[in-house]
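The primary structure of each chain is shown beneath.
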Amino acid sequence: MINSENSPTVIIPRAPFHKYWVILSTRTQEDMVYRANYVFGAVFRFLPLVTTIFLWYAVYQARKAGGASPSIQGMSYEDMVAYYAFMYIARGFSSVPGTMGDISKDIKDGLLNRYLIKPIDYFGYQTMYRLAHKLVFWYVALFTFPPIFYLLRHYFSHIPTVWEWAAFVVSLFIAFSIGMFFCFMIGTLAFWFLEISTFLFVVMMIEFFMSGHLIPLNLLPRVLQPVLQFSPFGYEGYWPCVILMGKVPQDHLFQVLGIGFLWIGIFYVITQVMWKMGLKRYSAVGG
Amino acid sequence: MAIIEVEKLSKIYRTQKRLPGLGGAVMGLFNRQYTQVRAVDDVSFTIEEGELVGFLGPNGAGKTTTLKMLSGILYPTIGTARVLGFTPWERKNEYRRQFALVMGQKNQLWWDLPAQESLYLNKEIYGVTDDAYKKVLDEMTELLQVKQLLGIMVRELSLGERMKFELIASLLHRPRVLLLDEPTIGLDVVAQKNIREFIKDYNRRTKTTILLTSHYMNDIQALCDRVVVINHGKKIFDGRLDAVVEQFSQSKLISVTFKNGGVDRAQLMGMGEILEHSKVKSILKVLRDNVKKVSNELLNQFDVDDINIEEVPIEEVIEKVFKGTKPD
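Residues numbered from 1 in each chain as written. Chains lettered and ligands numbered in written order. Predicted model: local features only at pLDDT ≥ 70, side-chain atom pairs only at ≥ 80, totals over all residues.

Student: Can you explain the overall build of chain A? Please cite residues and give values.
Tutor: Within chain A, the regular secondary structure consists of 12 helices and 0 strands. Mapped in sequence order, the helices and strands of chain A form the string α-α-α-α-α-α-α-α-α-α-α-α. The burial tally for chain A puts 34% of its 287 residues in the buried class. Partitioning the intrachain contacts of chain A with sequence separation of at least 6 by distance along the chain shows that 82% fall at a separation of at least 24. (Helix = DSSP H or I, 4+ residues; strand = E, 2+ residues; numbered from the N terminus. Buried ≥ 20, exposed ≤ 12 C-beta atoms within 10 Å, placed from the backbone. Contact = placed C-beta atoms within 7 Å.)

Student: Can you tell me about the environment of B:Phe45, naming the residues and giving the values?
Tutor: Residues and elements named next belong to chain B. Residue position: Phe-45 is located in strand E2 (residues 33–47). As a C-alpha pair, Phe-45 and Lys-235 span 190 residues in sequence and 8.9 Å in three-dimensional space. Every residue in contact with Phe-45, bar those within four places of it in the chain, is listed here: Val-6, Val-228, Lys-235 and Asp-238.

Student: How would you explain the sheet that holds strand E3 (residues 52–56) of chain B if you had to name every residue and give the values?
Tutor: Residue and element names in this part refer to chain B. Strand order in this open sheet of 6 strands is E5-E6-E7-E3-E8-E9, and the pairing throughout is mixed. Lying at the two open borders of the sheet, with one neighbouring strand each, are strand E5 (99–103) and strand E9 (234–240). Neighbour-to-neighbour, the strand axes of the sheet open up by a mean angle of 15°, direction not taken into account. With respect to the sheet, helix H2 (residues 63–70) is in contact with E3, E5, strand E6 (177–181), strand E7 (209–214) and strand E8 (226–231), its orientation differing from that of E6 by roughly 150°. (Pairing = 2+ DSSP bridges. Axes fitted to C-alpha atoms, helices over the stretch in contact; angles between N-to-C directions.)

Student: Quick one: what's the story with the pairing of E8(B), residue by residue and with numbers?
Tutor: Residues and elements named next belong to chain B. Taking burial as the measure, the 6 residues of E8 include 5 buried ones, the bulk of the element. Bridging between E8 and E9 involves 6 bridges; their strand directions are antiparallel. Considered in E9, the bridge of Val-227 is made with Gly-239. Remark: 2 residues form the turn of the hairpin made by E8 and E9, two consecutive strands paired antiparallel; His-232 in that turn has positive phi of roughly 50°.

Student: So what's going on with the confidence of the model for chain A? Which residues, and what values?
Tutor: With 89% of its residues at a pLDDT of 70 or more, chain A shows a mean pLDDT of 86. Within the model, the stretch residues 1–14 of chain A combines pLDDT values under 50 with 28 contacts to residues more than four positions away or in other chains. (pLDDT = per-residue confidence, 0-100.)

Student: Any chance you could break down unusual backbone geometry for me, citing the residues and the numbers?
Tutor: Residues and elements named next belong to chain B. Here the phi dihedral of Lys-8 falls at roughly 50°; this positive angle occurs in a residue that is not glycine. For Lys-8, the location among the structural elements is in strand E1 (residues 4–17). At Gln-145, a position not held by glycine, the phi torsion is positive, near 55°. Here Gln-145 shows up in the loop between helix H5 (130–143) and helix H6 (159–171).

Spelled out as structure tokens, the structure:
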């Protein structure tokens with residue numbers, strides 16, 4: 001549409017989603033400035049893995065000395081190390097640090113206003129913003145992860161099939177989606193409870209545990225496993241790992257991924273409802 | 001058809017009543033009491049296309065709350081509003097592409113991006129073409145003298161510079177309605193003047209409808225022929241700025257300079273309220289109906305060098321209106 005020089009006119013965007021691409025691109029470029037931050041994060045985040053390897057080595061050695069089975073719930077010591085190593089990949093997609101806090105801060109401090117007055121979807125903006133972080137993280141990780149995984153290569157006994165690779169990639173998409181939606185849901189609680197920082201900490205700890213990051217979910221009591229494994233949090237860590245390890249029978253892959261997409265749908269609906277109800281309560285404080 | 005139509009708009013907040021002290025805070029955990037605050041109370045007005053209207057009121061009057069409802073940030077409790085034919089709080093993209101809101105106390109640019117990137121993001125969000133963007137950007141940065149600051153991070157700009165970029169960002173998509181909430185607050189005298197001149201010129205050139213809130217009389221006097229006065233959430237006046245004085249002030253000021261030794265204070269008693277007096281100059285506050293009579297008395301009884309009849313300063317009138325007292 002051509003704008004007349006002195007008169008205001010309506011502009012119809014050429015491509016409605018182009019603005020989200022620009023947000024992603026701009027934010028990625030800006031994050032690239034903080035290279036050192038990402039390098040340190042990508043390298044030193046593996047330090048806990050060293051502790052984990054030693055810990056499970058001790059557990060399995062004690063079992064061996066006691067004459068117990070060399071595997072726990074179908075997982076050998078090598079499987080255990082592989083699980084925790086793959087967890088770094090899974091959490092590299094599902095973990096979106098700072099999102100809950102930023103959303104609640106935007107609501108609490110009235111910064112949400114700038115998004116409400118523009119023709120942009122707030123959730124779309126946040127998703128692109130976090131995706132930009134992920135792109136930079138993985139760009140740096142391309143240089144730091146391979147050496148680590150090369151050092152651990154002897155623990156990766158299973159060679160994934162094509163289907164397992166495909167399912168793994170899909171599961172990473174599910175992990176990111178559920179991670180984002182969950183953060184959005186918790187962040188929008190700020191519409192009702194202005195101060196939720198302590199609550200955020202508790203929620204993150206629960207998510208950390210239920211994603212299988214702390215301990216594989218199949219090691220927990222049998223009665224809890226169906227609940228934990230098929231909870232949305234299981235898709236943030238546990239399922240991508242066990243899919244890549246070949247622990248999920250091929251004929252179950254579709255079922256597992258299908259439930260993951262179902263959770264995305266459920267979270268989407270809950271998020272929409274919370275957002276609409278929350279905006280009605282929004283008092284846009286701050287003058 | 002009016003560009004902005006507001007009908008019986010009200011916003012009522014339910015806020016917690018907190019008792020003072022630690023005891024009060026503990027009691028509040030078990031027994032919360034609430035009170036209702038009528039931030040905007042039954043306000044109605046219409047604005048035609050191209051008007052530049054001032055929205056005047058003291059702090060807490062309801063000006064910003066009204067603007068937030070017109071921009072769709074807040075839902076009203078009661079009442080309706082139509083801006084460009086849209087209901088603002090439905091937040092349709094077609095509406096959001098046609099208006100802009102600039103808040104003097106709030107930063108809407110991205111803090112952690114250079115100014116140019118922030119403007120570019122805005123360009124893409126609103127779907128402004130590359131040619132139009134370049135034209136508007138060149139024009140505005142030249143007018144506001146900020147071209148050399150485009151590469152600076154927004155958080156490193158001074159308040160005045162940031163405000164200029166906020167204005168540029170809001171005008172990239174050439175909105176038909178511009179809502180300005182205290183755009184000159186906190187700025188130095190020179191920056192205030194620059195912003196005012198820019199707004200006035202922009203309104204004149206583009207016929208953009210502008211609704212401006214401020215509690216700086218200089219902003220209102222420099223920019224607005226029409227003013228809506230709001231206090232305690234209620235509209236108390238809507239009309240020409242000079243009519244505010246006529247409606248709310250029953251007096252005028254007569255300042256008179258004397259010759260040949262001057263005049264004693266006692267000689268002026270009974271003519272009006274003496275606001276200032278020296279031997280050679282006095283300022284009297286006189287009821288409107290008595291101005292002609294008192295002027296004639298002064299001219300006939302004393303050796304007058306100069307006499308001026310003026311309105312009571314508008315600031316004084318507005319101040320008394322805000323305080324809820326009748327000026328005279």
